[in-house]
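Commentary on secondary and tertiary structure
Take a look at the letters that make up each chain.
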Amino acid sequence: RGLGERIVAALEGLRDDDVDVVVDSLKTIASVVEADCEKFTPYLPLVVSQMCSAMDDINENIAANAFWALKVVFNNPSVAVSDAIASLAPMIHGHGNSVAPLFCASIALSRASKSDLEDVLPPVLTGLVEACDNRAPAIRQSALNALGLSQRAMGPEWMRPHVQTLSLAHRQIMNRYADAF
């Protein structure tokens with residue numbers, strides 16, 4: 001089968017009730033990324049949301065394999081940081097209770113440069129700042145980590161207007177994340 005057919009089959013498999021089918025689909029997506037990432041990139045927006053949902057699955061086997069597959073995708077240097085962030089933007093703005101898109105954003109941001117982010121980051125920052133007010137500590141921590149990584153890439157002066165609504169404590173935590181890397 002061709003790449004497109006394999007990805008479509010994997011997408012269908014991610015919606016299956018059978019744990020083994022879902023896990024095999026996640027492994028297929030990871031293997032496609034490792035084998036032919038350039039051809040995979042157009043499919044990124046289609047698969048990322050379903051993979052993030054799988055990471056939140058109550059079945060630990062599915063969640064663990066989704067975590068691994070997302071790391072394979074977002075750590076791959078052939079996945080452009082701008083494409084990675086753009087594919088995550090709708091989920092970051094969705095104000096959900098999932099740490100998965102924030103985790104993926106942090107992976108992509110950890111290898112980002114200013115030129116990677118200038119066009120795609122500003123719209124995402126609003127969602128990251130709003131996630132800092134989430135009730136769930138894991139969401140807040142992941143958002144602050146992503147903001148710190150953004151600041152490391154863009155610089156504190158560039159970030160200042162985007163994060164001015166954060167509390168002093170949140171800005172201090174964000175600065176520590178920025179300095180830690």
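Here, every reference points to the structure presented above.
Residues numbered from 1 in each chain as written. Predicted model: local features only at pLDDT ≥ 70, side-chain atom pairs only at ≥ 80, totals over all residues. Heavy atoms only, no water.

This paragraph deals with the pattern of salt bridges. A complete count under the given rule lists 2 salt bridges for this structure. With a shortest N-O distance of 3.8 Å, Asp36 and Lys39 are connected by a salt bridge. With Asp36 and Lys39 both in helix H2 (residues 19-40), this residue pair falls 3 residues apart, about one helical turn. Measuring nitrogen to oxygen at the nearest pair gives 2.7 Å for the salt bridge that ties Arg160 to Glu157. Of this pair, Arg160 and Glu157 both sit in helix H10 (residues 156-163), 3 residues apart, which is roughly one turn of the helix. On the basis of relative accessible area, Arg160 is assigned to the partly exposed category, the value being 45%. Classification of Glu157 as exposed rests on a relative accessible area of 58%. (Salt bridge = Lys/Arg side-chain N within 4 Å of Asp/Glu carboxyl O. Helix = DSSP H or I, 4+ residues; strand = E, 2+ residues; numbered from the N terminus. Buried < 20%, exposed > 50% of the residue type's maximum accessible area, 1.4 Å probe, protein only.)

Attention shifts here to a negative patch on the surface. Taken together, Asp16, Asp17, Asp18, Asp20 and Asp24 make up a surface patch of like negative charges. Owing to a relative accessible area of 38%, Asp18 belongs among the partly exposed residues under this scheme. (Patch = residues over 30% accessible without salt bridge, like charges linked within 9 Å, V, L, I, M, F, W, Y side chains within 5 Å. Areas by Shrake-Rupley, 256 points an atom, 1.4 Å probe, with all protein chains shown as cover. Lys, Arg positive; Asp, Glu negative; His and termini not counted. Charge placed at Lys NZ, Arg CZ, Asp CG, Glu CD.)

Let's shift gears to the packing of aromatic side chains. Applying the stated criterion across every chain, the model contains 1 aromatic pair. With 4.8 Å between their ring centres and 25° between their planes, Phe67 and Phe103 make a pair best called stacked. Here Phe67, found in helix H4 (residues 60-75), pairs with Phe103, found in helix H6 (residues 100-109); they are 36 residues apart in sequence, far enough to count as distant. (Phe/Tyr/Trp six-rings, centres within 6.5 Å; stacked < 30°, edge-to-face > 60°.)

This brings us to helix H11 (residues 168-180). Note that an α-helix has 3.6 residues per turn; residues three or four places apart therefore point the same way. Look at H11: 18 Å from first C-alpha to last across 13 residues, which is about the 18 Å you get at 1.5 Å a residue. Within H11, burial applies to His170, Met174, Tyr177 and Ala178. Along the long axis of H11, the arc covered by the buried residues comes to 100°, so they all point the same way. Away from its buried face by more than 90 degrees, H11 exposes Leu168, Arg176, Asp179 and Ala180. Those residues of H11 that are buried lie in contact with helix H9 (137-154) and H10. (Expected span 1.5 Å × (residues − 1). Arc of directions from axis to C-beta. Contact = heavy atoms within 4.5 Å.)

With that settled, consider helix H3 (residues 44-55). Taking 1.5 Å per residue, 12 residues should reach 16 Å; H3 reaches 16 Å between its end C-alpha atoms and fits that length. Leu44, Val47, Val48, Met51, Cys52, Ala54 and Met55 are the residues of H3 that are buried. Taken end-on, H3 shows its buried residues confined to a sector of 155°, consistent with a single buried face. On its buried face, H3 sits against helix H1 (3-14), H2, H4, helix H5 (81-93) and H6.

Formed by 64 residues in total, the largest nonpolar core has its most connected members in Phe40, Met51, Phe74, Ile85, Leu117 and Leu147. Here the element with the most residues in this core is H2; it accounts for 9 residues. Beyond its immediate chain neighbours, meaning those up to four positions away, Ile85 contacts Ala105, Ala108, Leu109, Leu117, Val120 and Val124. (Core = buried A, V, L, I, M, F, W, Y, C linked by side-chain atoms within 4.5 Å.)

On the secondary structure map, Asn134 appears in the loop between helix H8 (121-131) and H9. Of the residues examined, Asn134 reaches a relative accessible area of 15% and is grouped as buried. Residues in contact with Asn134, not counting those within four places in the same chain, are Gly96, Asn97, Ile139 and Arg140.

Limitation: the analysis is restricted to geometry and does not speak to function.
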